[in-house]
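# Descriptive structure summary
The chain contents come next:
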Amino acid sequence: MADLPRSNIVAAWQRLSPNHRGALWMIGASLGFTVNSAFVKTLRAEDVDTFQIAFARALFSLAALAPFCYRAGAGVWRSKAPGLQLGRSLCAAVAMICGFYAVGQLPLAEFTALTFTLPLFVVVLAVAMLKEEVRWRRWLATIVGFLGVLIMVRPGAAAFDPAALVALASVLGIALAVVILKKLPAGESHVTMLIYFCFTSIALSIGPALYFWQWPTAWQWLLLAAVGVLGVGSQAMIIRAYRVGEASFVAPFDYLKLILAGLIGFLIFAEVPDAWTALGALVIVGSTFYIARREAAQRKVTAAPGAAE
């Protein structure tokens, strides 16, 4: 009898279309990443060092991955392109450290809005590193998106916070990792990618973490463990979302992060975004949404000769 509710839930899940399952995975990932950022912000407010958080994040993430590594066997430790994996992991680890610093300094909604510049950086890097062809509509949307960044951070104004530049450096690191990911050979295990990321993050953060180490309280240990488990869990949900559903359907649900960040920032940290932040966020979200739609449309017509953006 105890298994009956569980079987009903499984049956209801399987009745959903792939796109709707992907959307639910994306909603879960958006909630996970936003709550994770709030946990990091809380730890930074309690003077836990950025490198200590990054070290703990990687360590607890690795512990959460242990059962999957055991199930996958020894082959999970081998990569077809270890050099690319190391480069991707290094970019992602630096991005994580920059992100942890920035989220401790900026309002949660502003930090989250800046992370939506990822597609803008990917467009530029794809042209520079992958020699992809990008036509004028996507270039225009990219320029508009970066104008949204200028509206939000207002360099030169009295309200300008240099931490915004660190947040953008974090997004650039993630964009580099995404572009390198496109160069990896097919069939590379996602668990292998996460393992490389964890070990690279540990190697990069352990020295500064030990130097700045302060022994966490029981509450801080709990938050550090949650950051690690929730971080790797949210990454896994993102992967599942794009595996199950169509990218054009699933991707827009990621914008829920902005609403969630605004609510959590207001309710927990008493943060109220100003008009410039709201306007800049709208411009960034609008431009990245347009880019996502154009890429989805382009994928559908790639077989047609002379297809234009």
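Thresholds, definitions, all that
Residues numbered from 1 in each chain as written. Predicted model: local features only at pLDDT ≥ 70, side-chain atom pairs only at ≥ 80, totals over all residues. Heavy atoms only, no water. Helix = DSSP H or I, 4+ residues; strand = E, 2+ residues; numbered from the N terminus. Rg over C-alpha atoms; globule rule 2.2 N^0.38 Å. Patch = residues over 30% accessible without salt bridge, like charges linked within 9 Å, V, L, I, M, F, W, Y side chains within 5 Å. Areas by Shrake-Rupley, 256 points an atom, 1.4 Å probe, with all protein chains shown as cover. Salt bridge = Lys/Arg side-chain N within 4 Å of Asp/Glu carboxyl O. Core = buried A, V, L, I, M, F, W, Y, C linked by side-chain atoms within 4.5 Å. Buried < 20%, exposed > 50% of the residue type's maximum accessible area, 1.4 Å probe, protein only. Contact = heavy atoms within 4.5 Å. Polar contact = N/O pair within 3.5 Å; in protein donor to acceptor, adjacent residues only side chain to side chain. Phe/Tyr/Trp six-rings, centres within 6.5 Å; stacked < 30°, edge-to-face > 60°.

### Re the overall build of the chain
If you tally the helices and strands in the chain, you get 13 helices and zero strands. Each helix and strand of the chain, ordered N terminal to C terminal, gives the series α-α-α-α-α-α-α-α-α-α-α-α-α. The C-alpha radius of gyration of the chain comes to 20 Å, within 12% of the 19 Å expected for a compact globule of 309 residues. Along the first, second and third principal axes, the C-alpha atoms of the chain reach 60 × 55 × 45 Å.

### Remarks on a nonpolar patch on the surface
A cluster of nonpolar side chains, contributed by Trp13, Leu24, Ile27, Leu256, Ile259, Leu263, Phe266, Leu267, Ile268 and Val272, occupies part of the molecular surface with about 970 Å² of accessible area. When contributions to the nonpolar patch are tallied by element, the ones reaching two or more residues are helix H2 (18–45) and helix H12 (256–269). Per-element accounting of the nonpolar patch gives the leading share, six residues, to H12. Along the chain, the position of tryptophan 13 falls in helix H1 (residues 3–15).

### Overview of the nonpolar core
Counting residues in hydrophobic clusters, the biggest one holds 58 residues, and the most contacted among them are Leu43, Ile53, Phe100, Leu106 and Leu114. It is helix H8 (residues 163–183) that provides the largest number of residues to this core, a total of nine residues. In contact with phenylalanine 100, not counting residues within four places along its chain, are Val40, Arg44, Thr50, Ile53, Ala54, Arg57 and Val227.

### Thoughts on the environment of alanine 93
By the element assignment, alanine 93 lies in helix H4 (residues 82–105). Alanine 93 gets classed as buried once you look at its relative accessible area, which sits at 0%. Taking C-alpha positions, alanine 93 is 18 Å from leucine 125, a pair spaced 32 residues apart along the chain. With residues near it in sequence (within four places) discarded, alanine 93 still touches Phe197, Thr200, Ser201 and Leu204.

### Remarks on the environment of glutamate 188
Among the secondary structure elements, glutamate 188 is positioned in the loop between H8 and helix H9 (190–211). Glutamate 188 sits 142 residues away from glutamate 46 along the chain, and the two C-alpha atoms are 39 Å apart. Contacts of glutamate 188, omitting those with residues within four sequence positions, involve Ser79, Lys80, Ala81, Gln85 and Met193. A polar atom in the side chain of glutamate 188 sits 2.3 Å from the side chain of serine 79. A polar side-chain atom of glutamate 188 sits 3.3 Å from the main-chain amide nitrogen of lysine 80.

### Things to note about the packing of aromatic side chains
Aromatic ring pairs are defined here through the distance separating the ring centres and the angle between the ring planes. A complete count under the given rule lists nine aromatic pairs for this structure. With 4.9 Å between their ring centres and 90 degrees between their planes, tyrosine 211 and phenylalanine 212 make a pair best called edge-to-face. Owing to a relative accessible area of 68%, tyrosine 211 belongs among the exposed residues under this scheme. For the pair tryptophan 215 and tryptophan 221, a centre-to-centre distance of 5.5 Å together with 70 degrees between the ring planes defines the contact as edge-to-face. A connected cluster of aromatic rings, assembled from ring pairs, spans Phe60, Trp213, Trp215 and Trp221.

### A closer look at the environment of tyrosine 70
Checked against the element boundaries, tyrosine 70 lands in helix H3 (residues 50–72). Residue tyrosine 70 is classed as exposed on the basis of its relative accessible area of 75%. Residues tyrosine 70 and isoleucine 180, 110 residues apart in the sequence, show an inter-C-alpha distance of 27 Å.

### Remarks on the side chain of arginine 21
Summarising the element assignment, arginine 21 is placed in helix H2. Beyond its immediate stretch of four places on either side in the chain, arginine 21 contacts Trp13, Gln14, Leu16 and Val244.

By themselves, these are just geometric observations and shouldn't be taken as functional.
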